[in-house]
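# Observations on the model geometry
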Amino acid sequence: MEMDQLVSLCKRRGFLFQSSEIYGGLNGFWDYGPLGVELKRNVKEAWWKDMVTSHDDLDAPAGAPSSFEMTGLDCTIIMHPQVWKCSGHYDLFHDHMIDCRQTNKRYRYDQVRGRWVEAKGQRIFVATMVETQDEAEDLQRRALKHFKLRAKDAEQLSWDGDVTSLTTVEDTSVVLGPDATELGSLTEPREFNLMFKTIVGAMGTEEDAAFLRPETAQGIFVNFKNVLDSTRVKIPFGIAQVGKSFRNEITPRNFTFRSREFEQMEIEFFCHPEQSPAWYKYWRDRRFQWYVDLGLAGERLQLRDHDPDELSHYSTGTADIEYQFPFLPAGEFGELEGVAHRGDFDLRSHMEGKLDPNTCPLTVEVDEHGQPRHRGSGRDLSYRDDESGEKYVPHVIEPSAGADRATLAFLCEAYTEDQAPDEKGKLQTRTVMKLHPRLAPIKAAVFPLVKKDGMPEIARDLYRALKQHFPTFYDEKGAVGRRYRRQDEAGTPYCITIDGDTLSDKTVTIRDRDTLEQWRVKLDDVEGELSGRLK
Ligand code: GAP
């Protein structure tokens with residue numbers, strides 16, 4: 001599948017629209033249309049149900065070291081600015097950007113790649129952005145243009161080494177920027193904090209600056225004590241939150257994959273330090289299986305453990321759950337979710353002040369006067385085990401997923417083109433979204449075969465009855481084959497047709513979206529039949 005085909009279907013059928021489209025759009029912001037809003041809600045509801053509400057706190061799920069409890073939270077997007085100072089986001093949550101003086105374009109430093117080339121006695125680094133186009137072809141085209149050579153003179157170019165990141169190039173004066181025609185137009189990399197800043201209050205000054213949260217996780221850490229004190233939860237337990245996060249990404253792109261406003265589904269799981277490696281392994285495997293169960297099976301999904309040198313010193317493990325999105329270069333995967341062992345880093349930072357990420361064991365960062373650089377809350381965020389009397393700062397395992405990335409992966413995986421017979425029995429190519437029934441925006445569509453003989457009345461009654469149980473759509477316009485095709489594109493698992501036989505024997509036809517199988521069921525049994533199949 002080409003990404004363009006999915007983007008066009010999403011717009012045509014109302015899954016996703018560009019935000020503020022009538023004003024030309026706003027880069028990095030997306031709106032979910034009538035089908036998209038249902039799909040994304042289903043993704044978030046499946047996550048919440050599977051992780052929180054249907055969790056049985058008395059039984060340990062398969063693979064878990066013991067039974068545990070799960071609870072939820074819904075925190076504000078704007079929080080006390082001190083939260084971000086102690087979490088490290090104020091000082092450390094930045095990317096490096098570079099500008100092109102010739103084109104005035106801005107790039108994320110680590111996303112620019114390229115290759116060394118030599119011709120006419122000059123050796124330069126030809127840079128490109130990591131995009132879907134064939135990088136090698138793009139680089140050759142740009143190099144030929146730079147050296148004023150024709151395509152037939154390509155053998156005069158001598159390439160040196162593979163495509164590599166711009167971060168490996170020391171002398172920027174020999175770099176041909178991604179969209180530039182002159183050498184050396186790229187600036188030195190500069191740090192850029194990704195948090196959106198705002199001012200709280202009508203009279204607000206810089207003193208009242210606050211930030212839109214770049215992750216939902218910190219709301220959970222700062223409420224750890226509130227949850228302990230207001231519920232009867234005991235360690236081990238998890239707190240879950242779903243909500244909007246904001247990052248002023250330098251180069252938002254690839255549809256919703258890297259947006260500036262997006263939703264996260266995060267769990268902070270609090271456990272005893274000695275048990276944390278076992279819990280890390282449990283959550284890593286369980287979260288991977290969640291995507292498999294909802295249809296992301298196969299070689300496009302992978303679980304990748306970070307190498308030890310990629311880990312922060314307080315972490316004993318981090319793994320990414322990754323999907324091979326069609327917009328990525330062949331063989332590359334994009335992150336859907338990170339599962340991280342965060343140690344006691346966050347609770348201790350909010351307790352004592354921002355920890356120094358360069359020291360181990362952890363010490364608080366101090367300024368030139370020996371004072372804590374960012375003061376913590378001073379609250380005791382440790383846990384006391386009632387039975388053993390032991391007091392400790394819990395360790396945390398964090399499965400952190402993106403609701404928009406998961407939705408995008410389910411859309412990519414669902415997009416299928418196959419052959420199906422039309423009304424005359426002739427095979428035609430059809431586009432069908434093979435979404436898991438739990439995720440499908442509409443679960444069933446009801447059609448009267450023709451708009452007469454009492455069929456619309458029966459169909460409308462059935463539609464109203466089914467709607468009480470699951471999202472159902474009614475359609476009486478156009479040939480029935482066309483109506484099937486529209487529902488295939490929407491990902492509707494079942495279509496029900498009221499026809500001439502319904503009038504005499506009170507049965508209807510149910511058609512399965514994926515197998516195209518059709519069978520007859522009594523009108524009164526349709527709800528039960530579909531409810532069973534949709535589970
Ligand atoms: N609390 C940890 C944390 O926020 P992260 O890896 O920065 O970790 C977690 O983000 C998940 O949030 C990512 O795996 C991704 O699914 C989603 N995410 C992060 N940045 C995003 C963006 N700019 N657009 C869409 N989703 C994003």
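Predicted model only: the values in this text are computed from it and were never measured. (Residues numbered from 1 in each chain as written. Predicted model: local features only at pLDDT ≥ 70, side-chain atom pairs only at ≥ 80, totals over all residues. Heavy atoms only, no water.)

## A short note on the environment of Pro273
Applicable threshold: Secondary structure elements follow DSSP: runs of H or I no shorter than four residues count as helices, runs of E no shorter than two count as strands, and numbering proceeds from the N terminus. Residues count as neighbours in contact if any of their non-hydrogen atoms are within 4.5 Å of one another.
Within the element layout of this structure, Pro273 appears in the loop between β14 (261–271) and α8 (276–293). Distance from Pro273 to Val396, taken between C-alpha atoms, is 8.4 Å for residues 123 residues apart in sequence. Once residues lying within four places of it in the same chain are set aside, the contact partners of Pro273 are Tyr392, Val393 and His395.

## Quick look at the site of the ligand
Put simply, the rule reads: We call a residue near a molecule or strand as soon as one heavy atom of that residue lies within 4 Å of the molecule or strand. We define a polar contact as two N or O atoms separated by no more than 3.5 Å, with the added condition that, inside protein, one atom must be a possible hydrogen donor and the other a possible acceptor, whereas residues neighbouring each other in sequence contribute only through side-chain atom pairs. Here the Shrake-Rupley method, with its probe set to 1.4 Å, supplies the accessible areas, and only the displayed protein chains count as covering residues. The nonpolar class holds Ala, Val, Leu, Ile, Met, Phe, Trp, Tyr, Cys and Pro. Asp, Glu, Lys and Arg form the charged class, and all remaining residues, Gly among them, are polar.
In the vicinity of the ligand, 19 residues are found, and the nearest of them are Glu215, Glu249, Ser259, Glu266 and Glu335. Within the backbone of Phe257, an N or O atom sits 3.2 Å from a nitrogen atom of the ligand. If the ligand stood free it would expose 550 Å²; the protein chains cover 88% of that surface. Elements represented by at least two residues in the shell around the ligand include exactly β14, β17 (334–343) and β20 (395–402). The element best represented in the shell around the ligand is β17, accounting for four residues. For the shell around the ligand, a count of residues per class yields four nonpolar, six polar and nine charged.

## Things to note about the packing of aromatic side chains
Cut-off, in case you're wondering: Note on aromatic contacts: the rings of Phe and Tyr and the six-membered ring of Trp form a pair at centre separations within 6.5 Å, being stacked when their planes are under 30 degrees apart, edge-to-face when over 60 apart, and tilted otherwise. Burial classes follow relative accessibility: with a 1.4 Å probe on protein chains only, a residue under 20% of its type's maximum area counts as buried, one over 50% as exposed, and anything between as partly exposed.
Applying the stated criterion across every chain, the model contains 25 aromatic pairs. Look at Trp30 and Phe255: their rings are 4.9 Å apart centre to centre, the planes differ by 90°, and that puts the pair in the edge-to-face class. Residue Trp30 is found in strand β2 (residues 30–32), and its partner Phe255 is found in the loop between β13 (237–246) and β14; the two are separated by 225 residues along the sequence. Look at Phe255 and you get buried, because its relative accessible area is 11%. On the numbers, 5.7 Å between centres and 45° between planes, the contact of Tyr463 with Tyr474 is tilted. One end of the pair, Tyr463, is in helix α11 (residues 455–467); the other, Tyr474, is in strand β24 (residues 472–474), with eleven residues separating them in the sequence. Among the residues examined, Tyr463 registers a relative accessible area of 18% and is labelled buried.

## Side note on the packing of helix α2 (residues 34–53) against helix α10 (residues 403–414)
We apply this condition: In this analysis an axis means a line fitted to C-alpha atoms, helices contributing only their contacting stretch, and an angle means the value between N-to-C directions, from 0 to 180 degrees. An angle counts as roughly parallel when it lies under 35 degrees, as roughly antiparallel when it exceeds 145, as roughly perpendicular when it falls between 65 and 115, and as oblique in every other case. Each crossing is labelled by how the near helix is turned from the far one, with a counterclockwise turn of less than a right angle marking it left-handed and a clockwise turn marking it right-handed.
One can describe the packing of α2 onto α10 by two numbers: an axis separation of 10 Å at closest approach and a directional angle of 115°. One finds that α2 runs roughly perpendicular with respect to α10. Taken as a pair, α2 and α10 cross one another with a handedness that is right-handed. Every residue of α10 that contacts α2 at Leu39, Lys40, Val43 and Lys44 is listed here: Ala403, Asp404, Ala406, Thr407, Phe410 and Leu411. Its residues assigned to classes, the contact of α2 with α10 shows six nonpolar, one polar and three charged.

## Section: the nonpolar core
For soluble globular proteins, nonpolar side chains are generally found buried alongside one another. For clarity, the cut-off: Think of a nonpolar core as a cluster: buried Ala, Val, Leu, Ile, Met, Phe, Trp, Tyr and Cys residues, connected wherever their side-chain atoms sit within 4.5 Å.
Formed by 57 residues in total, the largest nonpolar core has its most connected members in Trp283, Trp290, Tyr291, Phe325 and Phe410. Here the element with the most residues in this core is α10; it accounts for eight residues. When sequence neighbours within four positions are dropped, the list of residues in contact with Tyr291 reads Leu296, Leu301, Ile321, Leu336, Glu337, Ala401, Ala406 and Phe410.

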